[in-house]
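Take a look at the letters that make up each chain.
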Amino acid sequence: THPLREAEFNVFDVMHHGTHEKQLSNLFGWLLDADGSHRLGDAFQRMFIDEVNRSLPSSPAVPYGPYSVLQEANTSLPGESMDIADIVLESQDTVLVVENYYVADGHGHSFQGYQTFGARHGKRSVVVMLCGSRGSADLTDGWDCSAVVTHPSLVERLVRHVTADESYRQMHPDQHA
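These figures come from a predicted structure and were not determined experimentally. (Residues numbered from 1 in each chain as written. Predicted model: local features only at pLDDT ≥ 70, side-chain atom pairs only at ≥ 80, totals over all residues. Heavy atoms only, no water.)

A. Spatial organisation of the pattern of salt bridges. Throughout the structure, instances matching the rule amount to 6 salt bridges. Note that glutamate 51 is salt-bridged to arginine 54, the shortest N-O span being 2.6 Å. In this pair, glutamate 51 and arginine 54 both sit in helix H3 (residues 43–55), 3 residues apart, roughly one turn of the helix. Look at glutamate 51 and you get buried, because its relative accessible area is 4%. (Salt bridge = Lys/Arg side-chain N within 4 Å of Asp/Glu carboxyl O. Helix = DSSP H or I, 4+ residues; strand = E, 2+ residues; numbered from the N terminus. Buried < 20%, exposed > 50% of the residue type's maximum accessible area, 1.4 Å probe, protein only.)

Shown next as structure tokens:
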């Protein structure tokens, strides 16, 4: 028998096919998966949690994981029209329901539906708007209560992390590239 092989890294496998929003969700979902072929472990997940906590300073801090990662989760109740969250992170006691869109608005998704979906099974629910830039004026219909995390804030943190870790860069040159 052959020992289990690690998944090979290929950025095109990460991106899949689809729209710009879907491709970004695929990329962030991959980075958030602690077992991903990026070989960062839970480092990016922790960066994301830090940014969520920074956005919600008056709330109790969201704990670090481990979190499982799910994409394209239907958050609607039975009998309702489908409402799809882009990324869901779930731990033993916390669920982060993430809408990823370039513009900071709910663009027709139900904030309350996302909140309710996360709270199922008695877990703490945190709704996150992952977007290109903060535009709080666009956050209405409950979305003003969401944590707002920007793509640039996450990418900047990731670049700093990888730049500071020479061992990572040497061991994983494809991922670093």
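B. Up close: the nonpolar core. Judged by nonpolar contacts, the single largest core of 28 residues is most densely connected at Phe44, Phe48, Val52, Leu89, Leu96 and Val128. For this core, the secondary-structure elements that each account for two or more residues are helix H2 (20–32), H3, strand S2 (84–90), strand S3 (94–100), strand S4 (124–131), strand S5 (147–150) and helix H5 (151–164). With 6 residues, H3 is the largest single contributor of residues to this core. If we skip the residues at most four places from it in the chain, phenylalanine 44 touches Phe28, Leu31, Leu32, Leu154 and Leu158. With 14 residues, the next largest nonpolar core counts Ala73, Val88, Val97 and Tyr114 among its residues. (Core = buried A, V, L, I, M, F, W, Y, C linked by side-chain atoms within 4.5 Å. Contact = heavy atoms within 4.5 Å.)

C. View of the packing of aromatic side chains. Within this structure, the stated rule accounts for 3 aromatic pairs. Geometrically, the ring pair formed by phenylalanine 111 and tryptophan 143 is edge-to-face, given 5.6 Å between the ring centres and 75° between the ring planes. Placement of the pair is phenylalanine 111 in helix H4 (residues 111–119) and tryptophan 143 in the loop between S4 and S5, with a sequence separation of 32 residues. Using a relative accessible area of 1% as the deciding quantity, one classes tryptophan 143 as buried. Relative to tryptophan 143, the ring of tyrosine 114 lies with its centre 5.4 Å away and its plane at 80°, an arrangement referred to as edge-to-face. With tyrosine 114 in helix H4 and tryptophan 143 in the loop between S4 and S5, this residue pair connects regions lying 29 residues apart in the sequence. (Phe/Tyr/Trp six-rings, centres within 6.5 Å; stacked < 30°, edge-to-face > 60°.)

D. Focus on the packing of H3 against H5. Packing of H3 against H5 brings their axes to within 10 Å, and their N-to-C directions diverge by 135°. On the basis of their axis angle, the class for H3 and H5 is oblique. With respect to the hand of their crossing, H3 and H5 are arranged in right-handed fashion. Of H5, the residues touching H3 (which contributes Ala43, Phe44, Met47, Phe48, Asp50, Glu51 and Arg54) are Ser153, Leu154, Arg157, Leu158 and His161. (Axes fitted to C-alpha atoms, helices over the stretch in contact; angles between N-to-C directions. Parallel < 35°, antiparallel > 145°, perpendicular 65-115°, else oblique. Left-handed = near helix turned anticlockwise from the far one by under 90°.)

E. Main features of the sheet that holds strand S1 (residues 68–74). With mixed pairing, 5 strands are arranged side by side in an open sheet as S1-S2-S3-S4-S5. Two strands bound the open sheet, and with one partner strand each, they are S1 and S5. Between one strand axis and the next, the sheet turns through 30° on average, direction left out of account. Here S1 runs beside S2; their pairing, made up of 6 bridges, is antiparallel. Considered in S2, the bridge of asparagine 74 is made with isoleucine 84. On the sheet, H4 packs against S1, S2, S3 and S4 and is oriented at approximately 135° with respect to S4. (Pairing = 2+ DSSP bridges.)

Worth remembering: the numbers are spatial, not functional.
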